[in-house]
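As a plain string of letters, each chain reads:
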Amino acid sequence: SSGINAEYGLDAMTTNMSYYKQVKLINYMRYQISALICPLCNTPNLANVSEHLRVAQHSATLQHDKYNDDRYLFPALDNDYLLCCLVDGGATRRRCASYPRTS
């Protein structure tokens, strides 16, 4: 499973979630992390968001209203491989083993 998926528990958060909600959630998290803000508790100016998330061990999931904005339909990363692995919530989940290699 990809890094963000495993690290932030996206499998649990996206179960039975529509494709577009999953896209918004992932892009919201990516935008927040790139701005050095915790996507779960909104703590700003973090030197290392991954370390903060590991130490804080947030148990709450994101409320839909936090990321329910059409601006999050636009990818935070160019050619985001994780977005290519999404399927609609009720469908059989496709797994992406790893990111494709780049030269």
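The structure we're discussing is the one just above.
Here the structure is a predicted model, which means the values were calculated and not measured.

## Considerations on the overall build of the protein
Next up, step 1: The helix and strand tally for the protein stands at 6 helices and 0 strands.
Next up, step 2: Starting at the N terminus and ending at the C terminus, the protein contains elements arranged as α-α-α-α-α-α.
Next up, step 3: Per-residue burial for the protein yields a buried fraction of 34% across its 103 residues.
Next up, step 4: Total accessible area on the protein stands at roughly 6600 Å², and carbon and sulfur atoms take up 50% of it.

## Focus on unusual backbone geometry
Next up, step 1: With a phi close to 65°, Asn42 is a non-glycine residue in the positive phi region.
Next up, step 2: With respect to the helices, strands and loops of the structure, Asn42 is situated in the loop between α3 (19–34) and α4 (49–56).
Next up, step 3: Residue class for Asn42 comes out partly exposed when judged on its relative accessible area of 36%.
Next up, step 4: You will see that Asn45, though not glycine, has its phi angle at about 55°, which is positive.
Next up, step 5: Within the secondary structure, Asn45 sits in the loop between α3 and α4.
Next up, step 6: Accessibility expressed as a relative area gives 69% for Asn45, which makes it exposed.

## Some thoughts on the environment of Val49
Next up, step 1: Examined against the element boundaries, Val49 turns out to sit in helix α4.
Next up, step 2: Given the relative accessible area of 4%, Val49 is considered buried.
Next up, step 3: Separated by 12 residues in sequence, Val49 and Ile37 have C-alpha atoms that sit 6.9 Å apart.

## Observations concerning the nonpolar core
Nonpolar side chains in soluble globular proteins tend to end up buried together.
Next up, step 1: Listed in full, the 7 residues of the largest apolar core are Met17, Leu25, Tyr28, Met29, Leu62, Tyr67 and Tyr72.
Next up, step 2: Here the element with the most residues in this core is α3; it accounts for 3 residues.
Next up, step 3: Sequence-distant contacts of Tyr67, that is, excluding residues within four places in its chain, are made with Met17, Lys21, Lys24, Leu25, Tyr28, Leu62 and Tyr72.
Next up, step 4: Counting residues in each nonpolar core, the second largest holds 5 residues, with Val23, Leu82, Leu83 and Leu86 among its members.

## Notes on the side chain of Gln22
Next up, step 1: Counting through the fold element by element, Gln22 comes out in helix α3.
Next up, step 2: Separated by 2.9 Å, the side chain of Gln22 and the backbone oxygen of Met17 make a polar contact.

Rules used throughout
Residues numbered from 1 in each chain as written. Predicted model: local features only at pLDDT ≥ 70, side-chain atom pairs only at ≥ 80, totals over all residues. Heavy atoms only, no water. Helix = DSSP H or I, 4+ residues; strand = E, 2+ residues; numbered from the N terminus. Buried < 20%, exposed > 50% of the residue type's maximum accessible area, 1.4 Å probe, protein only. Areas by Shrake-Rupley, 256 points an atom, 1.4 Å probe, with all protein chains shown as cover. Core = buried A, V, L, I, M, F, W, Y, C linked by side-chain atoms within 4.5 Å. Contact = heavy atoms within 4.5 Å. Polar contact = N/O pair within 3.5 Å; in protein donor to acceptor, adjacent residues only side chain to side chain.

The analysis is restricted to geometry; functional conclusions fall outside its scope.
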